[in-house]
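Now for the letters of each chain:
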There are 4 protein chains.
Amino acid sequence: MTELRGIVPYLVTPFDADSGRLRERELQALVGRLIESGVHGLSPLGTTGEFAFLTGTQRDRVVELVVRAAAGAVPVVPAVAGHATHDAVEQSLRFQDLGAAGLVAIRQQLFPIPVEQAAGFFAAVGSAVDIPVVVYTNPVLGSDVGPSALAILADVPNIRYIKDASGVTGRSLSLLLRFGDRFGVFSSSADLPVTVMQLGGVGWMSGPACAVPRAAVALYEHCTAGRWDEAFELQRALWPVNELFQRYSLAGCVKLALTLRGLDVGAPIPPQPPLPTGAGDELRAALAGADAVIEETPWVA
Amino acid sequence: MTELRGIVPYLVTPFDADSGRLRERELQALVGRLIESGVHGLSPLGTTGEFAFLTGTQRDRVVELVVRAAAGAVPVVPAVAGHATHDAVEQSLRFQDLGAAGLVAIRQQLFPIPVEQAAGFFAAVGSAVDIPVVVYTNPVLGSDVGPSALAILADVPNIRYIKDASGVTGRSLSLLLRFGDRFGVFSSSADLPVTVMQLGGVGWMSGPACAVPRAAVALYEHCTAGRWDEAFELQRALWPVNELFQRYSLAGCVKLALTLRGLDVGAPIPPQPPLPTGAGDELRAALAGADAVIEETPWVA
Amino acid sequence: MTELRGIVPYLVTPFDADSGRLRERELQALVGRLIESGVHGLSPLGTTGEFAFLTGTQRDRVVELVVRAAAGAVPVVPAVAGHATHDAVEQSLRFQDLGAAGLVAIRQQLFPIPVEQAAGFFAAVGSAVDIPVVVYTNPVLGSDVGPSALAILADVPNIRYIKDASGVTGRSLSLLLRFGDRFGVFSSSADLPVTVMQLGGVGWMSGPACAVPRAAVALYEHCTAGRWDEAFELQRALWPVNELFQRYSLAGCVKLALTLRGLDVGAPIPPQPPLPTGAGDELRAALAGADAVIEETPWVA
Amino acid sequence: MTELRGIVPYLVTPFDADSGRLRERELQALVGRLIESGVHGLSPLGTTGEFAFLTGTQRDRVVELVVRAAAGAVPVVPAVAGHATHDAVEQSLRFQDLGAAGLVAIRQQLFPIPVEQAAGFFAAVGSAVDIPVVVYTNPVLGSDVGPSALAILADVPNIRYIKDASGVTGRSLSLLLRFGDRFGVFSSSADLPVTVMQLGGVGWMSGPACAVPRAAVALYEHCTAGRWDEAFELQRALWPVNELFQRYSLAGCVKLALTLRGLDVGAPIPPQPPLPTGAGDELRAALAGADAVIEETPWVA
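Residues numbered from 1 in each chain as written. Chains lettered and ligands numbered in written order. Predicted model: local features only at pLDDT ≥ 70, side-chain atom pairs only at ≥ 80, totals over all residues. Heavy atoms only, no water.

### A word on the overall build of chain A
When helices and strands are tallied, chain A shows eleven helices and nine strands. The principal-axis extent of the C-alpha atoms belonging to chain A is close to 50 × 45 × 35 Å. Relative to its 301 residues, chain A shows a buried fraction of 62%. For chain A, the proportion of contacts with a sequence separation of at least 24, taken over those separated by at least 6, is 73%. Of the roughly 10,200 Å² that chain A leaves accessible, carbon and sulfur atoms contribute 51%. In chain A, which carries 22 positive and 30 negative side-chain charges, the distance between the mean positions of the two groups comes to 2 Å. (Helix = DSSP H or I, 4+ residues; strand = E, 2+ residues; numbered from the N terminus. Buried < 20%, exposed > 50% of the residue type's maximum accessible area, 1.4 Å probe, protein only. Contact = heavy atoms within 4.5 Å. Areas by Shrake-Rupley, 256 points an atom, 1.4 Å probe, with all protein chains shown as cover. Lys, Arg positive; Asp, Glu negative; His and termini not counted. Charge placed at Lys NZ, Arg CZ, Asp CG, Glu CD.)

So, in C-alpha cells, the structure goes:
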C-alpha cells in the first residue's frame, strides 16, 4: 500500500466563472509545476479545492485530470466529501477506479450525530477501498473526529492517517501520544508544521504549498534531517504567507497567489467573492519575502 | 404564475439504507395521501427531505416522481440547495423541466460571504427560471438572508416568497412590516403558524404537516376565516407534536411518525442514526393527542 | 406574598462616565414618571440596568433609591446576578432588607455546569428569602434554565415566575403548557408580548417600556380585556421601537430614548460605546410613530 | 519596573463551600510551597482562581494574603477582571496599594464592543497604575484582544506583556512576529510552552504549574539553556496532566490535584460541581507519571 508522507499540496480547482467550467489546462500545468518543485503527493478536491462548489461530474473530471498529469510521479490523494455514507462510498470507488493512490475522507454535517455513526461513515469508506485513507478532522467546519471515533477507526486497516486541521498544537500532541503508533499524523496549513514534525508527524498537507512548494519541501527536508534551527527560521519566513491565507478565504488566496505567479486559475467559484482590493499587494509582498529565502520560479500554463 | 399559499408539507425522502436507493412506491403513496388530506402544495428535497444526503441523480428522480404522483392536483415546489451559483442554476432548470411549479432556494455555505454575493446566488436562480422562487432563510443553518439581501432581491420579479425558519416571531414581524407588500411570508414548522398568519403570512411550509396534514389544513382554514380562538386551540393541541420534532432530528421524527401511521418510509439516511429508543412511544402519544382533535387516517403504501 | 403581573420596566442605571458615579436624581425621576404612567412594577439591575458594570456598593444603592422613590406604589423587583451561589444569596438578603418586593435571579457563567447545580443556584436564592423569585432564562447569554431545571425548581415555593428571554415563541408555549399552572410566565422585550399573553402569560418585563410606558400599559390592558385586534394593532405600531432596541445595545438604546425624551441619564457605562451617529434620528422617528398612537409626555429630571 | 518572566502559576482560591469563606491557611501554604519549588512569580484571581465567584472584599483579601505570604520573594501579579472600566481601575489601584508587583488585566463582556473601546479598557488600567500590566487575550471567553487593539496599546508604557490563551500556536507566532519587540509574550497552560519559548516567549503563566511546579521550572530552565530535546521530552511527560486539565474544569482539576498532594484546598466554589467520580484516579495516574520524571514533594497545610 502506498505510503503517504512529506509535502502534499491541496490543489485549487482552476475554474471559469462565466462558463461554469473547469480550466483544465491550468489544472494540469499546476500539477506539472508542483511535481517539478519536489512535492511528495497531490490532494485535489479539499476545502482549498472548493469541493462543495463542484458537481459530481466535475469532481470526477478533476481526479481524472490530476492522475493523468501526475503520470505516476507522486501519489494523488483526492478528498471524498459527503453527508451520506452511500454517497461517500460511491465517490471513493469511482476515485479509486480513476487512479487515486489514497483518499482524504471528509464528513460534512448539518446536525451533530453520535460518535459511533460518525466513525461508521469513515469506516465504510475505509472498508470499501484498497487504498489508504486520511481522516480529516476539523472542529471548526463541524466535521470533527475526536479520540473516541479514532479508537473505533483503529480497527479499520485502511484508515491510515489523520489530518488534524484544528490549529491547536496541544490537540495534535494528544493525537500523537495516543495514536502515533497506529496513524500517521499530517499537519494542517494553519498549524505550525515544524512543531508537528518535532512531535512525530509525517508531513504537511497544505493549501499554501501550492504557492510556495520549494520552500515547503525545504522545510520538510530540514525537519527530517533534524535541522530544527533552519526549519524554524524558514517557518518564520513563511509565516506572513500563512497568515494571509488564514485572514482571507484559503481558496481565494491560493488562487490569487498562483495568478500573481503567472498561472491564471481564475477567481473563487461564485457566489464567493474575489479577494478584496489590497489583498493582492499584501500577498505579493508576503510571497516576495518567502521567495527571498527559497526562490520559486514563475509559473505559466 | 402559480400562486403559493396554505399548507405545503416538506416531504421526507423514503430511503432504503441497505441498498442506498429511494423507496419510490412509498414516496408516491405519501404524495397521494397528502393530496387527499387537502394540502395546498408539496415541497420535496428540503431539510426534512434530507437533500444533502442524496446524489444529484436521486434528487432529479425525487422531483420526477412527486410531479408524476401529484398529477397537477397541487403545485410541486422542490428545494434547490447548493453552495455554487452554477450548480443551483443547473438544478433549477432541470427541476423546472421536470414540472416543478416553483422552487425553494437554499444557499449552503462553509464560510460567510458578503451580502451582495449571497443575494446574487438567489437572484441568479430567480432570473434563470420562469416559476416563483421561495427564498429560504435560516440563521441556524448558516444560510441566513436578512433585510439587506431581501432589499436587493425585491428587484428580481420571480423571487416571490420568503420562508423564515428563524423561529423568532419578532423577526417574522420585521420581515412582514418591511417586505409584506412585496413578498409572501411562509411560517416555518418551528414557528407558531397562527401568529405568523395573524401578522399577515400566507401559509405554513412544514415537515410535521406530513404526519398531521388534516390538522394543518384545518388550522389554516381557521386562520383564513378569522377564527383565531379555534386556531389557537388547535395549535395548542398540535404543540406536543411540534415539540418532539424540534427535540429530535426533524427528518427522523417525520419518518418515524409516518411509519407509525402505516407507511414504512425507512430510517434517516446513514450515517444519521435512527431515533433513540423511547422516541416512538413519545411520538405515538403526541400523535394520538393530535388525532383526538382532528382525525388523520392510517396510511398504507 | 406580592403577586407580580403586568408591565414591569427594566430600569436603566443613570450614570456619569467621567466621575464613575450614579446619577441619583435622574434615577428617582425615572421611577416617578414610570409610576405616573401606570406601570405595575419596577425592575432595576437587569441587563438593561447594566448590572455587570456596577460595583456591589453601587448595586445596593440603586435598590435603595428605587425603593425609596417608589414609596410602596408598585413592587420593586431588582435583579440579583452572580456566578457564585454564596454571592447571589448575600445580595438577595441585602436587597430584601432594602425593601425589594421580589427578585429576578440571573445566573452568570463562564463554563457550562450540570442542570442539578444550575437549578441549585436558583433554589438557594429562593430558599434564602421570603419574597417571590423570577427565574431569568436566556440561552443567548449562557444562563439558560430549561425544562429539567424548572422541574426541580417547582419544589421551591418562592420560585414563582419565569422570564423567558429566548425570543422564541415556541419555547414560551412549551414552558406555558408544561409549567403554566406552577409558574407565571413573563414575556421578554424581544418577544411579542401579545402572543405570550394570548398563550396565558402574566405580563411583560421590558427595557423598552422605560421609553413607552403608557403604550405598554395600554397594550397590557387590551390583552387582559381580550381586545386582541387592538392589542395587535398597537404592537405593530410599537415594533419599530422594539426593532431598534434589538439592533443596538439595549441599555444604550433605552438611555438614548430617555435622553431624547428630556431625562439625561447619560451614555452606556464605559468601555461600552455610545450609540453610533444616526441612531438618534432612527430612534426619534420610531418614538414619534409610537407616540402618534399613545402619547407619552416629555420627561424631566 | 519589575520584570516578569519564567513560571508564574495561576493560584487556585482555597474555599470552604459550607461557610462561603476563604481557606486562608491553605492559600498561604500553597504560596510557600510554590516559592520553595522555584517559581518566578504568583498570579492569584485568574480563571483558575475563580475570580468571578468571589466578592470584591474576598478578592482584596486574597491579594493581601498572597503578598504577605510571598514576602517579596517573587512578584505577585493578581488578575483584575471586570466589565466596567471604572471598576477595573478601582480594583487595580487597590491591588497596587496591597503590594501587587504587576497586574493581569481581563476584560469581561456580555456583548461585543468595538476595538477602540476594548483597547480603552486596558489603556485605562495601564495608565492608572505604576506597575507592569499583562493583557489577557482569550477568544473563547469572549475577551479577545487582537492585533488592532494591541497596536493601540503599544502606546501605553505600562502595558508590557501579553498572555495569549487562544491555544493556537500560529496566533502566538503572529503576535510574536508583530509585537515581540514591544511586548513579552507568555504561553498559556493550554498551549505548548516549549514552542512558545522557541518562538521567543518569556515564560509560562499556568494553572497546572500549581500541581507540578518543579517540573514547570525545569522545563523553563531547559528552554532558556537551549536544551530543546530535554525540554520536549519533559513536555511530553507532562502532557497527560495538561490534557486532564483541559478536559475537566481547570480550577476543579488544580484543586483536586493539590488535595491529592496533601493540601486540602476544597472543591470548586458552588454552584460549580466537584469533578466527576473517576477523575481522581486519572489525575493521580497522570501526576505519578509526571513525578517519575521530576519529583514533587507532598504538600501539607
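### Considerations on the relation of the copies chain C and chain B
The relation between the two chain copies is a rotation about an axis coupled with a shift along that axis. Between chain C and chain B, which share one sequence, the superposing operator has a rotation angle of 180 degrees and an axial displacement of 0.0 Å; the RMSD is 0.0 Å. In short, the pair behaves as if placed about a two-fold rotation axis. Taking C-alpha positions as reference, the residue of chain C nearest the rotation axis is Val168 of chain C, located at 2.4 Å. Mapped onto chain B, 100% of the interface residues of chain C are again interface residues, and the two copies thus contact each other with one and the same surface. (Least-squares fit on C-alpha atoms with pLDDT ≥ 70 in both.)

### Considering the sheet that holds strand 7 (residues 159-164) of chain D
All names here are of chain D. A sheet is described by the order of its strands in space; here seven strands give the open sequence 1-9-8-7-6-5-4, paired in parallel fashion. Here the strands that pair on one side only, and so sit at the sheet edges, are strand 1 (6-9) and strand 4 (79-82). Adjacent strand axes in the sheet meet at a mean angle of 30 degrees when their direction is disregarded. Bridging between strand 7 and strand 8 (residues 184-187) involves four bridges; their strand directions are parallel. Bridge pairing links Ile162 to Val185 in strand 8. Its contacts with the sheet place helix 3 (residues 85-97) against strand 4 and strand 5 (103-107), and it is angled at close to 160 degrees to strand 4. (Pairing = 2+ DSSP bridges. Axes fitted to C-alpha atoms, helices over the stretch in contact; angles between N-to-C directions.)

### Focus: the confidence of the model for chain A
Predicted confidence across chain A gives a mean pLDDT of 92, with 97% of residues reaching 70 or more. As scored by the predictor, the complex reaches a pTM of 0.91 and an ipTM of 0.94. (pLDDT = per-residue confidence, 0-100.)

### With respect to the pairing of strand 9 (residues 203-206) of chain B
All names here are of chain B. Every second residue of strand 9 is oriented toward a common face, with Gly203 and Met205 on one face and Trp204 and Ser206 on the other, all of them buried. Relative to strand 9, strand 1 (residues 6-9) is paired through four bridges, and the arrangement is parallel. Bridge pairing in strand 9 places Pro9 opposite Ser206. Bridge count for strand 8 (residues 184-187) against strand 9 is two bridges, and the pairing is parallel.

### Focus on the interface of chain C and chain B
Interface extent is often summarised as the accessible area lost during association of the parts. At the junction of the two partners, chain C supplies 16 residues and chain B supplies 16 residues. When the buried surface of chain C facing chain B is broken down by residue, Leu177, Arg236 and Trp239 of chain C rank first, second and third, together holding 28% of it. On the surface where chain C and chain B come into contact, there are zero salt bridges. (Buried area = accessible area lost by both parts, 1.4 Å probe. Salt bridge = Lys/Arg side-chain N within 4 Å of Asp/Glu carboxyl O.)

### Points about the sheet that holds strand 9 (residues 203-206) of chain C
Residues and elements named next belong to chain C. Taken together, the seven strands give an open sheet; going across it, the order is 1-9-8-7-6-5-4, and neighbouring strands pair in parallel fashion. For this open sheet the edge positions go to strand 1 (6-9) and strand 4 (79-82), each flanked by a neighbour on one side alone. Across the sheet, the mean angle from the axis of one strand to that of its neighbour is 30 degrees, orientation sign disregarded. Where strand 4 meets strand 5 (residues 103-107), four bridges bridge the pair, whose relative direction is parallel. Within strand 5, the position partnered with Ala79 by the bridge is Val104.

### Observations regarding the packing of helix 6 (residues 169-179) of chain A against helix 9 (residues 228-247) of chain D
Two quantities define a packed helix pair, namely the angle between the helix axes and the distance between the axes. In the contact formed by helix 6 of chain A and helix 9 of chain D, the axes pass within 11 Å of each other and the chain directions differ by 105 degrees. In terms of orientation, helix 6 of chain A lies roughly perpendicular with respect to helix 9 of chain D. Within the contact between the two elements, helix 6 of chain A uses Gly170, Leu173, Ser174 and Leu177 of chain A and helix 9 of chain D uses Gln235, Arg236, Trp239 and Glu243 of chain D. Considering only residue class, the contact of helix 6 of chain A with helix 9 of chain D consists of three nonpolar, three polar and two charged. (Parallel < 35°, antiparallel > 145°, perpendicular 65-115°, else oblique. Nonpolar A, V, L, I, M, F, W, Y, C, P; charged D, E, K, R; others polar.)

### A few points about the relation of the copies chain B and chain A
Superposing chain B onto chain A takes a rotation of 180 degrees plus a shift of 0.0 Å along the axis, which leaves an RMSD of 0.0 Å. Mapped onto chain A, 100% of the interface residues of chain B again fall at the interface, so both copies present the same surface.

### Brief notes about helix 6 of chain A
The buried count for helix 6 of chain A comes to eight of eleven residues, which makes it a mostly enclosed element. Looking at helix 6 of chain A, one finds that the buried residues are Thr169, Gly170, Ser172, Leu173, Ser174, Leu175, Leu176 and Phe179 of chain A. Close packing links the buried residues of helix 6 of chain A with helix 5 (147-153), strand 7 (159-164), strand 8 (184-187) and helix 7 (193-198) of chain A together with helix 6 (169-179) and helix 9 of chain D.

### Points about the arrangement of the chains
With no contact between them, chain A and chain C keep their nearest C-alpha atoms 19 Å apart. At the C-alpha level, the nearest point of chain B lies 19 Å from chain D, with no contact between them.

### Topic: the interface of chain B and chain A
With 28 residues of chain B in contact, the opposing surface of chain A contributes 28 residues. Summed over both sides, the interface of chain B with chain A buries roughly 2,200 Å², with 73% coming from carbon and sulfur. Broken down residue by residue, the surface that chain B buries against chain A is led by His83, His86 and Pro271 of chain B, which jointly contribute 26%. Where chain B touches chain A, the interface holds zero salt bridges. Counting the contacts that link chain B with chain A gives four residue pairs in polar contact (both at pLDDT 80 or more). At the level of elements, helix 3 (85-97) and helix 4 (115-128) of chain B are the ones that each hand at least two residues to the side of chain B that touches chain A. Split into classes, the residues belonging to the side of chain B that touches chain A amount to 15 nonpolar, ten polar and three charged. (Polar contact = N/O pair within 3.5 Å; in protein donor to acceptor, adjacent residues only side chain to side chain.)

### What to know about helix 1 (residues 24-36) of chain C
All names here are of chain C. Over its 13 residues, helix 1 extends 19 Å from the first C-alpha to the last, a length consistent with the 18 Å expected when each residue adds 1.5 Å. Looking at helix 1, one finds that the buried residues are Glu26, Leu27, Leu30, Val31, Arg33 and Leu34. In this fold, the buried residues of helix 1 make contact with strand 1, helix 2 (56-70), helix 8 (213-224) and helix 10 (250-260). Looking one or two residues beyond helix 1, the residue adopting positive phi is Gly38, at roughly 100 degrees. (Expected span 1.5 Å × (residues − 1).)

### A look at the packing of aromatic side chains
All names here are of chain A. Scanning the entire structure with this criterion turns up twelve aromatic pairs over all chains. An angle of 85 degrees between the planes, with centres 5.3 Å apart, marks the rings of Phe121 and Phe122 as edge-to-face. Since its relative accessible area comes to 0%, Phe121 is described here as buried. Take Phe122: its relative accessible area is 1%, and that puts it in the buried class. Centroid distance Tyr161 to Phe186: 5.7 Å. Interplanar angle 55 degrees. Geometry classified as tilted. One end of the pair, Tyr161, is in strand 7; the other, Phe186, is in strand 8, with 25 residues separating them in the sequence. Assigned by exposure class, Tyr161 and Phe186 land together as buried. (Phe/Tyr/Trp six-rings, centres within 6.5 Å; stacked < 30°, edge-to-face > 60°.)

### What about the pattern of salt bridges?
Applying the stated criterion across every chain yields a total of 44 salt bridges over all chains. Notably, a salt bridge pairs Arg261 of chain B with Asp291 of chain B, separated by 2.9 Å at the nearest N-O pair. Of this pair, Arg261 of chain B sits in the loop between helix 10 (250-260) and helix 11 (279-291) while Asp291 of chain B sits in helix 11, placing them 30 residues apart in sequence. There is no split in this pair, since Arg261 of chain B and Asp291 of chain B are both buried. In this structure, a network of salt bridges that share partners links the residues Glu24, Arg61, Glu64 and Arg68 of chain A.

### Considerations on the packing of helix 10 (residues 250-260) of chain D against helix 11 (residues 279-291) of chain D
All names here are of chain D. Relative orientation of the contacting elements helix 10 and helix 11 amounts to 70 degrees, with a least axis distance of 10 Å. Comparing their axes, helix 11 and helix 10 come out roughly perpendicular. Our pair here, helix 10 against helix 11, has a crossing hand that is right-handed. In this structure, helix 10 uses Cys253, Leu256, Ala257 and Leu260 to contact helix 11, whose residues at the interface are Ala279, Gly280, Leu283, Arg284 and Leu287. Considering only residue class, the contact of helix 10 with helix 11 consists of seven nonpolar, one polar and one charged. (Left-handed = near helix turned anticlockwise from the far one by under 90°.)

### Quick look at the pairing of strand 6 (residues 133-137) of chain C
Residue and element names in this part refer to chain C. With five of five residues buried, strand 6 lies mostly within the body of the structure. Here strand 6 shows no split at all, with Val133, Val135 and Thr137 on one side and Val134 and Tyr136 on the other all buried. Viewed along the sheet, the connection from strand 5 through helix 4 (residues 115-128) into strand 6 turns out right-handed. (Right-handed = clockwise from strand over helix to strand, strands pointing away.)

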